[in-house]
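Given next are the chains, with one letter for each unit.
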Amino acid sequence: MTLDFEKEKLINELEKRKPKKVLVQLAEGIKKNALEIKEWIEALGIEVIFSGETCWGGCDIAVDEAQAVGADLIVHFGHAEFIRTDFPVIYINVKDILNLNSLLEKSLEKLKDYNTIGLSYSIQHRHDIKNIKKFYEDVGKEVVLSKKNGTNAYEGHITGCNYQGLKEIQNDVNCFVIIGNQFHSMGATLAVKKPVILIDVYNNNVRTMEGLRDKILKQRMISIEKLKESKNIGIIIGTACGQKFGSPKKLMEKLKEQGKNVIIITMSELTPDKIMNFYNIDAFIELACPRIAIDDFAKYFKPILTFREALVAVGELSWNEILEEGII
Ligand code: SF4
């Protein structure tokens, strides 16, 4: 696989905006490319500093870091725009250059019973979508792309925490095809009721997400039950600017009414190490990235719930409502 860092776009944007110093954020898988990116930017006479913090999504724009080092612009590589900020940011999506023909051919067997496909992709594959759509249409399938929606930047684009576009078209399609990796397709299978088929471009295979949904739902129910039994609760607020999923105030009131002790904790990134020292807290509710609670279930020795799961635990929402709307 070759990565296209959209060098021309980057240089054009930098020449237009004329920053003096930039802070560069690189998604985790491309931090190894820092040296070549540094050379492109420095060749324009611009000072460059790289953020060493983890960067999992466009939800995490390092405005505070940029201000702390006196940068006047952020260049964010590897994600699309997720939220608006007042601070100037250039988004470089980064394209995965791949020949998808054999995977698309392989997918036809899994799609033989479905005539209408909801097609979605993670941002690195946006440039291929026209061709993928044409491939399926040429073999007689109807292809529907979800509308640009909320934090998703383009038609058909998905992020790990926003599947609203897919939910809106699920009654019009027989199944969904996701171009990308397990992370995005697993989120999709938790969000919609139609079959989800992943074209896993990184592991070079095609697979359905069958079975995974039931396993994860069981884990989520266990966490909800554990929170109900817990006395001391920590509500974790993420400090990344786009990771605001729910109101701590509302939860705190409900939990206190039920006789629980509650503290609010801030974290830039939730990890098992960080929560370990809060040893007398029995369960945590995280209002940062909802995928941490769900995907990292096995990494935490205490239950971690999302906001909506916590609403079920305090009786504000029913489990059936969550299932109906999708757990993400
Ligand atoms: S909140 Fe989580 S899933 Fe959503 S964009 Fe950020 S890292 Fe990805």
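Please refer to the structure higher up on the page.
Quick caveat, the model's predicted, so the values are computed rather than measured. (Residues numbered from 1 in each chain as written. Predicted model: local features only at pLDDT ≥ 70, side-chain atom pairs only at ≥ 80, totals over all residues. Heavy atoms only, no water.)

Undergrad: Explanation requested: the overall build of the chain in the structure shown.
TA: In terms of regular secondary structure, the chain is built from 13 helices and 15 strands. Against the globule reference of 20 Å for 328 residues, the chain gives a C-alpha radius of gyration of 21 Å, in line with a compact fold. For the chain, the C-alpha atoms occupy an extent of roughly 60 × 55 × 30 Å along the three principal directions. In the chain, which comprises 328 residues, the proportion classed as buried is 52%. (Helix = DSSP H or I, 4+ residues; strand = E, 2+ residues; numbered from the N terminus. Rg over C-alpha atoms; globule rule 2.2 N^0.38 Å. Buried < 20%, exposed > 50% of the residue type's maximum accessible area, 1.4 Å probe, protein only.)

Undergrad: Is there a simple way to explain the sheet that holds strand β7 (residues 116-121) in this structure?
TA: As summarised here, the arrangement of the five strands in space is β8-β7-β9-β10-β11, forming an open sheet in which the pairing is mixed. Edge positions in the sheet fall to β8 (142-145) and β11 (205-208), since each of these pairs with one other strand and no more. Averaged over all pairs of adjacent strands, the angle between their axes in this sheet comes to 25°, without regard to strand direction. Here β7 runs beside β8; their pairing, made up of four bridges, is parallel. Within β8, the residue paired with I117 across the bridge is V143. (Pairing = 2+ DSSP bridges. Axes fitted to C-alpha atoms, helices over the stretch in contact; angles between N-to-C directions.)

Undergrad: Whenever I open this one, the packing of helix α7 (residues 182-191) against helix α8 (residues 212-229) confuses me. Can you help?
TA: Two quantities define a packed helix pair, namely the angle between the axes and the distance from one axis to the other. The contact between α7 and α8 brings their axes to 10 Å, and the two run at 75°. The orientation of α7 relative to α8 falls into the category roughly perpendicular. From α7, Q182, M186, T189 and L190 reach across to α8, where they touch L212, R213 and I216. Of the residues contributing to the contact of α7 with α8, the split by class is four nonpolar, two polar and one charged. (Parallel < 35°, antiparallel > 145°, perpendicular 65-115°, else oblique. Contact = heavy atoms within 4.5 Å. Nonpolar A, V, L, I, M, F, W, Y, C, P; charged D, E, K, R; others polar.)

Undergrad: Help me out: how do you make sense of unusual backbone geometry in this one?
TA: Apart from glycine, the bulk of residues carry a negative phi angle, and the bulk of peptide bonds sit in the trans form. One non-glycine residue, E6, adopts positive backbone phi at about 50°. Counting through the fold element by element, E6 comes out in the loop between β1 (2-4) and α1 (7-17).

Undergrad: Just checking my understanding: could you explain helix α9 (residues 248-257) for this structure?
TA: Along α9, the residues classified as buried are L251, M252 and L255. In an axial view of α9, the angular spread of the buried residues amounts to 100°, which keeps them on one side of the axis. In α9, the exposed positions that point more than 90 degrees away from the buried face belong to K249 and E257. The inward-facing, buried residues of α9 contact α8, β12 (232-238), β13 (261-267), β14 (283-286) and α12 (307-313). Of the residues trailing α9, G259 is marked for its positive phi of about 80°. (Arc of directions from axis to C-beta.)

In short, geometric facts, not functional conclusions.
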